[in-house]
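Observations on the model geometry
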Amino acid sequence: EVDALDGRPGVRSARYAGEGASDAQNNEKLLLELAGLPDAGRGARYRCVIAFVRNSEDPSPLFAHGSWEGRIAQALRGSGGFGYDPLFIPRDSGITAAEMDVLAKNAVSHRAQALERLLATLR
């Protein structure tokens, strides 16, 4: 979710540049849409929602969410991760998610947060 784009690409992030778009195409479109915007206006986040459904007729599924705040870089950096990781700079960090150690990233990401909240609810 990119603030300057009213939350886009959002849930359509894998198809941001069109059906079948590659990570490179999605990243290129994002950079083009943010061209000229200073760092202060590039706020963004990864968001994850996990649903735990006991069966197809579960009357009360459990939901947990996580949000990883940051901003979009001016250019691609790093070779790790996938998707928008080469553009996403987590808050209080000077490196992109693609430059982070995979274990460190997996400990703080939106998915890690959502899973931890789900586990806490299940406990």
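Everything below is about the structure shown above.
Residues numbered from 1 in each chain as written. Predicted model: local features only at pLDDT ≥ 70, side-chain atom pairs only at ≥ 80, totals over all residues. Heavy atoms only, no water.

Bringing the pattern of salt bridges into the picture now. Tallying each qualifying case throughout the model produces twelve salt bridges. Of the charged contacts in the structure, one is a salt bridge between Glu 1 and Arg 45, with a shortest N-O distance of 3.6 Å. Of this pair, Glu 1 sits in the segment before helix H1 (23–34) while Arg 45 sits in strand S1 (residues 43–52), and the two are 44 residues apart along the sequence. Taking relative accessible area as the criterion, Glu 1 reaches 28% and is therefore assigned partly exposed. The class for Arg 45 is buried, based on a relative accessible area of 14%. Sharing partners across several salt bridges, the network here consists of Glu 1, Asp 3, Arg 45, Arg 47, Glu 69 and Arg 91. (Salt bridge = Lys/Arg side-chain N within 4 Å of Asp/Glu carboxyl O. Helix = DSSP H or I, 4+ residues; strand = E, 2+ residues; numbered from the N terminus. Buried < 20%, exposed > 50% of the residue type's maximum accessible area, 1.4 Å probe, protein only.)

This part takes up the nonpolar core. Of all hydrophobic cores here, the largest spans 13 residues; its most connected members are Val 2, Leu 5, Leu 30, Leu 34, Ile 72 and Phe 88. Those elements that provide at least two residues to this core are H1, S1 and strand S2 (62–72). Excluding residues that lie within four positions of it along the chain, Leu 30 makes contacts with Val 2, Leu 5, Tyr 16, Ile 72, Tyr 84 and Leu 87. (Core = buried A, V, L, I, M, F, W, Y, C linked by side-chain atoms within 4.5 Å. Contact = heavy atoms within 4.5 Å.)

Right, let's get into the packing of aromatic side chains. What the rule picks out here adds up to three aromatic pairs. A ring pair is formed by Tyr 46 and Phe 88, whose centres lie 4.6 Å apart and whose planes are at 50 degrees; its orientation type is tilted. Of this pair, Tyr 46 sits in strand S1 while Phe 88 sits in strand S3 (residues 88–90); the two residues are 42 residues apart in sequence, bridging distant segments of the chain. Judged by relative accessible area, which is 15%, Tyr 46 ranks as buried. Above the ring of Tyr 16, the side-chain terminus of Lys 29 is found at 4.6 Å from the ring centroid. (Phe/Tyr/Trp six-rings, centres within 6.5 Å; stacked < 30°, edge-to-face > 60°. Lys NZ or Arg CZ within 6 Å of the ring centre and 35° of its normal.)

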